Amino acid sequence: MKIAGSQVTLSKLALPVLCMMAVVAASNVLVQHPVEAFGLQEVLTWGAFTYPLAFLVNDLTNRRFGPAVARQVVYVGFALAVLLSIVLATPRIALASGTAFLFGQLLDIGVFNRLRRMSWWQAPLAGSLFGSAVDTALFFSLAFAGDADMAFPVTYASTGITVPLWVGLAYFDFLVKMACALLALLPYGALMSRLKPWGAAPGTSR
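What counts and how
Residues numbered from 1 in each chain as written. Predicted model: local features only at pLDDT ≥ 70, side-chain atom pairs only at ≥ 80, totals over all residues. Heavy atoms only, no water. Helix = DSSP H or I, 4+ residues; strand = E, 2+ residues; numbered from the N terminus. Rg over C-alpha atoms; globule rule 2.2 N^0.38 Å. Buried < 20%, exposed > 50% of the residue type's maximum accessible area, 1.4 Å probe, protein only. Contact = heavy atoms within 4.5 Å. Areas by Shrake-Rupley, 256 points an atom, 1.4 Å probe, with all protein chains shown as cover. Lys, Arg positive; Asp, Glu negative; His and termini not counted. Charge placed at Lys NZ, Arg CZ, Asp CG, Glu CD. Pairing = 2+ DSSP bridges.

Quick notes on the overall build of the protein chain
When helices and strands are tallied, the protein chain shows 9 helices and 4 strands. For 206 residues, the compact-globule formula gives about 17 Å, and the C-alpha radius of gyration of the protein chain, at 18 Å, lands near that figure. Along the longest, intermediate and shortest principal axes, the C-alpha atoms of the protein chain span 55 × 35 × 25 Å. Split into buried and exposed, the 206 residues of the protein chain put 45% on the buried side. Long-range pairs, those at least 24 residues apart, make up 72% of the contacts in the protein chain between residues at least 6 apart in sequence. Carbon and sulfur atoms form 71% of the exposed surface of the protein chain, whose accessible area is close to 10400 Å². A distance of 27 Å separates the average location of the 13 positive side-chain charges in the protein chain from that of its 8 negative side-chain charges.

Have a look at this one:
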């Protein structure tokens with residue numbers, strides 16, 4: 001595969017593909033397990049803490065190899081993750097995860113690429129936030145809407161609002177993803193100097 005005149009080998013893409021597959025598969029399992037500490041079982045699952053890593057992998061791949069290669073990683077990671085998720089989770093969750101993953105990650109790539117020449121933190125942060133919003137809405141609606149176990153009403157004392165359990169989980173899941181998107185700027189910034197950016201002139205680091 002040749003991108004921007006350079007040879008991108010399968011061996012170079014193996015790491016991001018494997019990381020993407022591992023993150024999605026693990027998140028599909030962990031999203032079925034509520035966080036029971038501090039009484040958070042009705043508002044949060046462990047999957048909220050692992051899934052944002054997919055955006056970090058995606059953004060680093062996009063920075064190093066460009067959007068075309070990043071999309072290829074998303075497609076391959078999507079296929080492998082869905083197949084693995086069918087074994088580790090339910091078929092419905094695997095399908096919902098795959099659909100949400102595909103749309104969310106492709107949106108992340110588009111936003112990142114549009115903003116990649118701006119301040120170093122803007123592209124990964126904006127891409128992760130927009131991608132996470134789409135991903136969360138698609139995943140929770142496709143995976144849990146109409147599920148009797150996830151549809152019983154929950155009233156939140158702080159607001160008095162009553163919503164189905166899955167809607168509350170989606171809301172708090174997105175809040176965690178926003179926090180993780182901010183935290184992910186730390187490893188992204190630390191790795192910038194190690195990854196020559198795609199499309200940059202020789203001797204530049206942006």
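Some words on the side chain of K177
By secondary structure assignment, the location of K177 is in helix α8 (residues 165-183). Looking at K177, the relative accessible area reads 4%, which means it is buried. Not counting residues within four places of it along the chain, the set of residues in contact with K177 comprises A48, Y51, P52, S132, D135 and T136.

Thoughts on the pairing of strand β3 (residues 153-156)
The alternating pattern of β3 places V154 and Y156 on a buried face, while none of P153 and T155, on the opposite face, is buried. Of the pairings in the sheet, the one linking β3 to strand β4 (residues 161-164) comprises 4 bridges and is antiparallel in character. Within β4, the position partnered with Y156 by the bridge is I161. As consecutive antiparallel partners, β3 and β4 are separated by 4 residues, and within that stretch G160 has a phi angle of approximately 75°, a positive value.

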